[in-house]
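# Structural description and commentary
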Amino acid sequence: AQSVTQPDIHITVSEGASLELRCNYSYGATPYLFWYVQSPGQGLQLLLKYFSGDTLVQGIKGFEAEFKRSQSSFNLRKPSVHWSDAAEYFCAVVPTQGAQKLVFGQGTRLTINP
Amino acid sequence: EPEVTQTPSHQVTQMGQEVILRCVPISNHLYFYWYRQILGQKVEFLVSFYNNEISEKSEIFDDQFSVERPDGSNFTLKIRSTKLEDSAMYFCATQRGGGELFFGEGSRLTVL
């Protein structure tokens, strides 16, 4: 079945450590790919997106993500996390080109240890 | 920077009451969506709306739900007779055409 999978429900890292959040999708064609962040009680803020071209995309707040077609993955990374990065992170895809609905993964909750 | 505006930010209602959630989309956007997030769960697609009609809806979007864009600006989600399980954060999103969706801050609905 077509889906978006975030294998890690909850991740805890220390402030200053590196971070990688995993996302896999199962769609036949390469979809549009997104990462959103949601702070507690807040809306969804777009971190970055991939439509085509360079497979390493840069986003806001020092985040980047790499699209790997062979692994159907779009993992989010940050070299050094800050306490303010504690939030819920959602990977999402638009399965095909054109105006289509966004399908979200389950989300990964990130906790930062001081 | 243009943004999607949602009202109310929080509404508390009694079970069985009607609720209308409102969204003001970005002015040149053509595609509109409602999503729902039950506390602690993932964001779920409810409905998409284009050219004044529903283009797609999920299984969640049953006969108790309706959407409309009555005046060409507001995009509304109506829940005719609320149930306890309708308690959630409801997000409006808009899209110019393909690709990125822009989300509002959400409307938290609490059904008692």
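Structural notes, computed from the coordinates. (Residues numbered from 1 in each chain as written. Chains lettered and ligands numbered in written order. Predicted model: local features only at pLDDT ≥ 70, side-chain atom pairs only at ≥ 80, totals over all residues. Heavy atoms only, no water.)

Now for the overall build of chain B. Looking only at helices and strands, chain B has 0 helices and 11 strands in total. Its helices and strands in sequence order give chain B the pattern β-β-β-β-β-β-β-β-β-β-β, from N to C terminus. What you see for chain B is a C-alpha radius of gyration of 13 Å, in line with the 13 Å of a compact globule of 112 residues. Considering only C-alpha atoms, chain B reaches an extent of 35 × 25 × 25 Å along its principal axes. Taking contacts inside chain B between residues at least 6 apart in sequence as the whole, the part at least 24 apart equals 52%. (Helix = DSSP H or I, 4+ residues; strand = E, 2+ residues; numbered from the N terminus. Rg over C-alpha atoms; globule rule 2.2 N^0.38 Å. Contact = heavy atoms within 4.5 Å.)

Along the backbone of chain A there are 0 helices and 12 strands. Start at the N end of chain A and walk to the C end: the helices and strands fall as β-β-β-β-β-β-β-β-β-β-β-β. For chain A, whose C-alpha radius of gyration is 14 Å, the value lies close to the compact-globule estimate of 13 Å for 114 residues. Considering only C-alpha atoms, chain A reaches an extent of 40 × 30 × 20 Å along its principal axes.

A few words on the sheet that holds strand β1 (residues 5–7) of chain B. Residues and elements named next belong to chain B. Strands sit in the order β1-β3-β8-β7 across an open sheet of 4 strands; the sheet is antiparallel. At either end of the open sheet lies a strand with only one pairing partner, and these are β1 and β7 (65–68). Between one strand axis and the next, the sheet turns by 15° as a mean value, whatever way the strands run. The pairing of β1 with strand β3 (residues 19–24) spans 3 bridges and is antiparallel. Following the sheet pairing, T5 is matched in β3 by V24. (Pairing = 2+ DSSP bridges. Axes fitted to C-alpha atoms, helices over the stretch in contact; angles between N-to-C directions.)

Every contact between the two is made by 19 residues of chain B and, on the other side, 21 residues of chain A. The junction of chain B with chain A conceals about 1,600 Å² of combined surface from both sides, 57% of it contributed by carbon and sulfur atoms. The largest contributions to the chain B side of the interface with chain A come from B:K42, B:E100 and B:F103, which together make up 32% of the buried area. Here chain B is connected to chain A by 1 salt bridge. In this structure, the connection of chain B to chain A is made through 4 residue pairs in polar contact (both at pLDDT 80 or more). Residue assignment for the side of chain B that touches chain A shows that the elements contributing at least two residues are β4 (31–37) and β9 (88–95) of chain B. (Buried area = accessible area lost by both parts, 1.4 Å probe. Salt bridge = Lys/Arg side-chain N within 4 Å of Asp/Glu carboxyl O. Polar contact = N/O pair within 3.5 Å; in protein donor to acceptor, adjacent residues only side chain to side chain.)

A separate point is the state of the cysteines. Residue and element names in this part refer to chain A. In the structure shown here, the tally under the stated rule is 2 disulfides over all chains. Between the sulfur atoms of C23 and its disulfide mate C91 the distance is 1.9 Å. Here the S-S torsion is close to -65°, and the disulfide linking C23 with C91 is therefore left-handed. Note that C23 is positioned in the loop between β3 (19–21) and β4 (24–25) and C91 in strand β10 (residues 87–94), a separation of 68 residues in sequence. (Disulfide = S-S within 2.5 Å.)

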